[in-house]
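An overview of the molecular structure
Here is what each chain is made of, one letter per residue.
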Amino acid sequence: MEAAEINFNVFSEVKSGVTRLTLTDFRNYAFLRLNAELAPIVITGENGTGKTNILEAVSFLTPGRGLRGARLADIKRLTPALVPDEYQPTEISNNNWAVSAVVQRDGDEIEIGTAVERSAREDDEEESRSFDRRIVKVNGNKVSSQSELGKYISAIWLTPQMDRLFRGGSQPRRSFLDRLVYAFDLEHAKRTANFEHLYKQWYQLLKSGCRDNAWLASLEESMAALGVAIAAARREQIAKLNRFIETEPDDVFPNVVLELDGQIEKMLDKSPAIEVEDFYARRLCEQRRNILYNDSVDGVNRTDFKVFYKKKRMSAELCSTGEQKSLLISIILAQSKCQTLHQGFAPVLLLDEVVAHLDDIKREALLEKIRELRVQAWITSTDAELFDSLRGKAQFLGLENNGICHDRS
Ligand SMILES: Nc1ncnc2c1ncn2[C@@H]1O[C@H](COP(=O)(O)OP(=O)(O)OP(=O)(O)O)[C@@H](O)[C@H]1O
Ligand SMILES: [Mg+2]
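Overview of the structure. (Residues numbered from 1 in each chain as written. Chains lettered and ligands numbered in written order. Predicted model: local features only at pLDDT ≥ 70, side-chain atom pairs only at ≥ 80, totals over all residues.)

Bringing the site of ligand 1 into the picture now. The immediate surroundings of ligand 1 are formed by 17 residues, with N28, N47, K51, T52 and N53 found nearest. Broken down by element, the shell around ligand 1 gets its largest block of residues, three residues, from helix α1 (residues 51-59). Of the residues contributing to the shell around ligand 1, the split by class is three nonpolar, nine polar and five charged. (Near = placed C-beta within 6 Å. Helix = DSSP H or I, 4+ residues; strand = E, 2+ residues; numbered from the N terminus. Nonpolar A, V, L, I, M, F, W, Y, C, P; charged D, E, K, R; others polar.)

Here it is, written out as structure tokens:
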């Protein structure tokens with residue numbers, strides 16, 4: 001949909017998000033069930049009461065490794081001492097974690113869930129080893145790919161760790177961008193996971209001194225094909241957001257210009273995909289030696305996502321902490337609106353300690369924008385008073401002793 005066709009009435013009809021969330025042996029929760037409003041949800045409690053863990057659980061309803069990028073093994077609840085009095089599981093040790101939810105989309109209710117399962121893998125030496133695997137269910141049936149979840153829910157998050165997003169290495173920026181792409185292109189989650197898998201295989205073969213050229217070349221061809229598709233999807237998403245942002249008011253959350261800095265993405269400006277794919281496969285072949293010398297390999301696994309503060313003509317990297325947070329908020333607000341306009345359903349926003357670096361004006365402006373967008377936004381804070389303007393318009397959950405101590409609006 002082009003900017004001229006934007007129909008802002010769709011925002012008044014948005015009703016999507018999680019309506020019930022159940023956690024089992026997830027982090028500090030032995031068992032937690034909560035009913036959620038399709039409205040802002042303010043979660044407050046002292047440090048360490050489990051606010052971020054609830055947001056992380058919701059993030060596991062989307063493809064990937066959740067908002068902490070955690071290893072599956074770290075999520076399982078660690079100590080039986082944390083079991084609240086009213087809940088007595090029959091078997092405490094060795095339980096695997098699970099998150100399940102009822103989500104609403106277009107008036108339909110769908111049950112989705114994700115859990116960890118221990119599977120056996122046959123090794124070459126015919127010995128079997130067990131490993132943890134994340135499984136996904138939709139309406140009680142196991143589905144083969146995590147990307148299926150994207151049909152029912154999408155989520156965008158901001159965490160305190162992302163305060164450094166513009167300062168460090170490019171990997172977290174790339175993941176942030178790729179998550180924005182998933183929301184529009186479900187295949188993108190699969191493509192990036194497959195690319196990573198092939199890259200690891202290629203890397204390990206080269207490190208182990210493999211000389212099987214045919215095998216290496218076939219991996220390079222597959223990586224090149226996936227890589228070009230990844231680059232094209234990223235370019236499309238950036239163009240879509242930039243076009244949309246141009247129509248947005250440049251207010252407390254300043255307008256941004258988004259750019260991709262990647263060899264393959266840049267080549268797609270000038271050359272047809274098929275030529276870029278050939279070039280990429282050749283380039284990977286030329287770079288086999290780099291792996292042996294621990295040098296980096298060019299390609300979509302090194303692309304950077306650049307953000308500029310439009311009015312100031314300043315790279316986000318050089319902006320203040322509060323400005324950087326505002327730029328990120330601008331991006332996620334634009335993405336939320338774009339998703340709602342193009343897809344008719346809004347993402348769930350997971351905003352962990354988001355008001356921490358915002359002054360009073362920006363905090364109130366953000367809360368107002370969330371209300372206007374009618375998205376379900378899960379917002380954590382240690383200080384409930386900062387959200388007084390949402391009284392009567394949001395759900396307020398208080399946490400204590402690994403459970404909910406109050407639930408009111
Ligand atoms: N695998 C696990 N098993 C049990 N407890 C865990 C596990 N992983 C983390 N925790 C604990 O969960 C508790 C809640 O963590 P969480 O990050 O959700 O707190 P929070 O309320 O967001 O705190 P803060 O205000 O400091 O951000 C912490 O005490 C943490 O040590
Ligand atoms: Mg926290």
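With 14 residues, helix α7 (residues 273-286) should reach 20 Å at 1.5 Å per residue; the first-to-last C-alpha distance of 20 Å fits that figure. For α7, the secondary structure elements touched by its buried residues are α5 (213-246) and α6 (263-270). (Expected span 1.5 Å × (residues − 1). Contact = placed C-beta atoms within 7 Å.)

Of note, R289 is situated in helix α8 (residues 288-292). Accessibility expressed as a C-beta count within 10 Å gives 9 for R289, which makes it exposed. As for R289 and L206, which are separated by 83 residues in sequence, their C-alpha atoms are 8.4 Å apart. (Buried ≥ 20, exposed ≤ 12 C-beta atoms within 10 Å, placed from the backbone.)

Turning next to the environment of M223. Structurally, M223 is set in helix α5. Using a count of 27 C-beta atoms within 10 Å as the deciding quantity, one classes M223 as buried. M223 has contacts with F195, L198, Y199, W202 and L284, leaving out every residue within four places of it along the chain.

Moving on: the nonpolar core. Counting 79 residues, the largest nonpolar core has V58, L61, L350 and W378 as the members making the most contacts within it. With eight residues, helix α9 (residues 321-343) is the largest single contributor of residues to this core. Per-domain counts for this core show at least three residues from each of domain 1 (1-165 + 344-409) and domain 2 (167-318). Setting aside its immediate chain neighbours within four residues, W378 contacts I41, I43, L55, V58, V348, L350 and L351. Of all hydrophobic cores here, the second largest spans 15 residues; its members include W202, A231, V276 and A281. (Core = buried A, V, L, I, M, F, W, Y, C linked by C-beta atoms within 7 Å. Domains from an automatic or database assignment.)

Our focus in this paragraph is the packing of α5 against α6. In contact at an axis separation of 9 Å, α5 and α6 are set at 75° when each is read in the N-to-C sense. Our classification of the angle between α5 and α6 gives roughly perpendicular. Facing G227, V228, A231, A232, R234 and R235 of α5, the residues of α6 in contact are I264, E265 and L268. Across the contact of α5 with α6, the residue classes break down as five nonpolar, one polar and three charged. (Axes fitted to C-alpha atoms, helices over the stretch in contact; angles between N-to-C directions. Parallel < 35°, antiparallel > 145°, perpendicular 65-115°, else oblique.)

On to the packing of α9 against helix α10 (residues 360-373). Contact pair α9 / α10: the axes reach a minimum separation of 11 Å and the direction vectors enclose 10°. The angle between α9 and α10 places the two elements in the roughly parallel class. Contacts from S326, I329, L333, S336 and K337 of α9 reach α10 at K362, L366, K369 and L373. Its residues assigned to classes, the contact of α9 with α10 shows four nonpolar, two polar and three charged.

One key point about sheets: their strands pair by backbone hydrogen bonds, in either a parallel or an antiparallel sense. Spatial ordering of the open sheet is given by β8-β12-β13-β3-β14-β15, a layout of six strands whose pairing is mixed. One side of each edge strand has no neighbouring strand; the edge strands of this open sheet are β8 (155-158) and β15 (403-408). Here the average twist between neighbouring strands, direction ignored, is 20°. Pairing geometry for strand β12 (residues 348-351) and strand β13 (residues 377-381), over three bridges, is parallel. Its bridge partner lying in β13, L350 is registered against W378. Across the sheet, α1 lies against β3 (41-44), β8, β12, β13 and β14 (395-400), angled at about 155° from β13, the strand it touches most. (Pairing = 2+ DSSP bridges.)

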